[in-house]
Amino acid sequence: MKILTVIGARPQFIKACMLSRMIRSDSKMEEIIVHTGQHYDDNMSAIFFNQLKLPKPDYYLGVGSGSHGKQTGKMLMDLEKVMLLVRPDIVLLYGDTNSTLAGSLTASKLHIPIAHVESGLRSFNKSMPEEINRIVTDHLSDWLFCPSNTAIENLKREGIEKGVYLTGDIMYDAVLHFKHHALKQSSILNELSLSKNNYYLATIHRGENTDDPERLKSILEAFQKVNMEVVLPLHPRTKSKINQFNFTDFISSSSIKIVEPLHYFDMLAVASQANAILTDSGGLQKEAYMLQVPCITLRDETEWVETVMAGWNHLVGTDTQQIVNTVKALQVPKEYVPLFGDGSTSKKIVDILMKSFGEN
Ligand code: UD1
């Protein structure tokens, strides 16, 4: 069985690494990796391949950044060439980025079956590019691997029931696999003079927050006002918007520690020891839960509703006072139930794919 994996953005490298290992341990499966080049900086891409021992991509498309149309269009043209050349049995896609969308459109036009990992998530906000990418990809997919029951229910509501599997969350496989090693190997806590529970970790990169000066300002003001130091690894998009809006003063406060984007091990180390995590990232909301660290989500909606219902995640939006008040009132919930499976998601996916092809 020939599988063509399409990845391109930072979270996809993390999601793909565990499944790629599993695929490559089975002699009946062959994996070919295409990296679209959506993320291209070393600290957004190459370092993840090295650290996670993700095999070097067989094809690198180098599409780089640009408007959604330009970025996705370039990917479509190049992915078509690769898919025609490789003729895979399955195209394997992750998450909700423009690389996912381009992979699903190209494969479906060439009648190649699609497997979608992290299927069924919805924010119900179609102004987010990720929501469009998810909806389209789910409707074109043949295997829909869902991390949660909510995801299955979302698909059902859209009339999708065939090929839907509850597999748990692939990021949980990675957290369990790398957590202890990351804590041992990473020196980031020493380098940044951080100790357990004496700082907040924050990330912002969503277009809805970074591209709207009011929302971005409001978030940065909240970071200045909370009662502990805020460590803020700066996404390239956020950095460029802060410069464009002349907001550098907001981050020069001594209570905000700006660092470059962190690699996975450093991120796991900083996240696991934080007092709380403030973020607009989807992946980090989940990782906060998996690491049992309270999370404040700087968005108006979330795909990870179970983490909110469990009391570990607070959906707060971007109002300065609202963020500051929530941080002040934060308490660690007494109860913790595993919501994202048992860390065997990659094995479940490989088993399902093999069975579909009558290989076991
Ligand atoms: C993308 C995904 C998002 C995912 C996120 C993780 C889409 C629509 N969004 O958002 O779902 O959560 O990745 O980070 O696919 N840039 C660089 N260097 C890089 C990469 C990007 O400088 O290596 C800059 C470019 O100026 C670019 C901007 O960041 O225009 C945004 O990059 P893009 O790939 O469009 O989306 P992300 O915001 O990273």
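If you're wondering where the values come from, they're calculated on a predicted model, not measured in any experiment. (Residues numbered from 1 in each chain as written. Predicted model: local features only at pLDDT ≥ 70, side-chain atom pairs only at ≥ 80, totals over all residues. Heavy atoms only, no water.)

1. Some points on the site of the ligand
Next up, step 1: Lining the immediate surroundings of the ligand are 21 residues, of which Gln38, His39, Asp41, Asn98 and Arg237 lie closest.
Next up, step 2: Here an oxygen atom of the ligand sits 3.0 Å away from a polar atom, N or O, in the side chain of glutamate 130.
Next up, step 3: For the ligand, an oxygen atom lies 3.0 Å from a polar atom in the side chain of histidine 235.
Next up, step 4: At the level of secondary structure, the elements contributing two or more residues to the shell around the ligand comprise α1 (10-24), α3 (68-86), α5 (129-140) and α11 (236-244).
Next up, step 5: Sorting elements by how many residues they give to the shell around the ligand places α5 first, with three residues.
Next up, step 6: Split by residue class, the shell around the ligand holds six nonpolar, 10 polar and five charged. (Near = heavy atom within 4 Å. Polar contact = N/O pair within 3.5 Å; in protein donor to acceptor, adjacent residues only side chain to side chain. Helix = DSSP H or I, 4+ residues; strand = E, 2+ residues; numbered from the N terminus. Nonpolar A, V, L, I, M, F, W, Y, C, P; charged D, E, K, R; others polar.)

2. A few points about the packing of α1 against helix α17 (residues 345-356)
Next up, step 1: One can describe the packing of α1 onto α17 by two numbers: an axis separation of 9 Å at closest approach and a directional angle of 45°. Relative to α17, α1 is oriented oblique. Crossing of α1 against α17: the hand is right-handed. Seen from α1, the contacting residues are Met18, Leu19, Met22 and Ile23; seen from α17, they are Ser346, Lys347, Ile349 and Val350.
Next up, step 2: A breakdown of the residues in the contact of α1 with α17 according to their chemical character gives six nonpolar, one polar and one charged. (Axes fitted to C-alpha atoms, helices over the stretch in contact; angles between N-to-C directions. Parallel < 35°, antiparallel > 145°, perpendicular 65-115°, else oblique. Left-handed = near helix turned anticlockwise from the far one by under 90°. Contact = heavy atoms within 4.5 Å.)

3. Digging into the sheet that holds strand β12 (residues 295-297)
Next up, step 1: The six strands are arranged β10-β9-β8-β11-β12-β13 in an open sheet whose pairing can be described as parallel. In this open sheet, the two strands that pair with only one neighbour each are β10 (256-259) and β13 (313-315). When strand polarity is set aside, the average angle formed by the axes of neighbouring strands in this sheet is 20°.
Next up, step 2: For strand β11 (residues 276-279) and β12, the ladder comprises three bridges, and the chain directions are parallel. Looking at β12, one finds that isoleucine 277 is bridged to cysteine 295.
Next up, step 3: Strand contacts of helix α13 (residues 264-273): β8 (199-203) and β11, with the helix running at about 130° to β8, the strand carrying the most contacts.
Next up, step 4: Helix-sheet contacts for helix α14 (residues 282-290) involve β8, β11, β12 and β13, and the interaxial angle to β11 is about 165°. (Pairing = 2+ DSSP bridges.)

4. Focus: the confidence of the model for the protein
Next up, step 1: Across the protein, the average pLDDT comes to 97, with 100% of residues at or above 70.
Next up, step 2: For this predicted complex, the interface confidence comes out at an ipTM of 0.92, alongside a pTM of 0.95. (pLDDT = per-residue confidence, 0-100.)

5. Observations concerning the nonpolar core
Next up, step 1: Of all hydrophobic cores here, the largest spans 71 residues; its most connected members are Leu19, Phe178, Tyr264 and Leu353.
Next up, step 2: Not counting the four nearest positions on each side in its chain, tyrosine 264 is found in contact with Ile14, Phe48, Gln51, Leu52, Ala174, Val175, Phe178 and Glu287.
Next up, step 3: Grouped together as the second largest cluster of nonpolar side chains are 27 residues, Ala202, Val230, Ile251 and Val324 included. (Core = buried A, V, L, I, M, F, W, Y, C linked by side-chain atoms within 4.5 Å. Buried < 20%, exposed > 50% of the residue type's maximum accessible area, 1.4 Å probe, protein only.)

6. Things to note about the sheet that holds strand β5 (residues 114-117)
Next up, step 1: If you trace the seven strands from one edge of the open sheet to the other, you get β3-β2-β1-β4-β5-β6-β7, paired in parallel fashion. Each edge of the open sheet carries a strand with a single partner, namely β3 (59-60) and β7 (164-166).
Next up, step 2: Inspection of the sheet shows strand β1 (residues 2-7) paired to strand β4 (residues 90-94) by four bridges, in the parallel sense. Counterpart to valine 6 in the pairing with β4 is leucine 93.
Next up, step 3: Along the sheet, α3 makes contact with β1, β2 (30-35), β3 and β4, crossing β1 at roughly 165°.
Next up, step 4: Against the sheet, helix α4 (residues 98-109) contacts β1, β4 and β5, and its axis sits at roughly 160° relative to β4.

7. Quick look at the packing of α4 against α5
Next up, step 1: Packing of α4 against α5 leaves a shortest axis separation of 9 Å and a crossing angle of 30°. Comparing their axes, α5 and α4 come out roughly parallel. Taken as a pair, α4 and α5 cross one another with a handedness that is left-handed. Side by side, α4 and α5 meet where Asn98, Thr100, Leu101, Ser104, Leu105 and Ser108 of the first sit next to Asn133, Val136, Thr137 and Leu140 of the second.

8. Regarding the pairing of β11
As a general feature of sheets, a regular strand has side chains that alternate between the two faces.
Next up, step 1: Of the two faces of β11, both are covered, the one formed by Ala276 and Leu278 as well as the one formed by Ile277 and Thr279.
Next up, step 2: Direction of pairing for β8 relative to β11: parallel, over a ladder of four bridges. From the neighbouring strand, alanine 202 faces β11, where its bridge partner is leucine 278.
Next up, step 3: One crossover worth recording links β11 to the parallel β12 by way of α14, and it is right-handed. (Right-handed = clockwise from strand over helix to strand, strands pointing away.)

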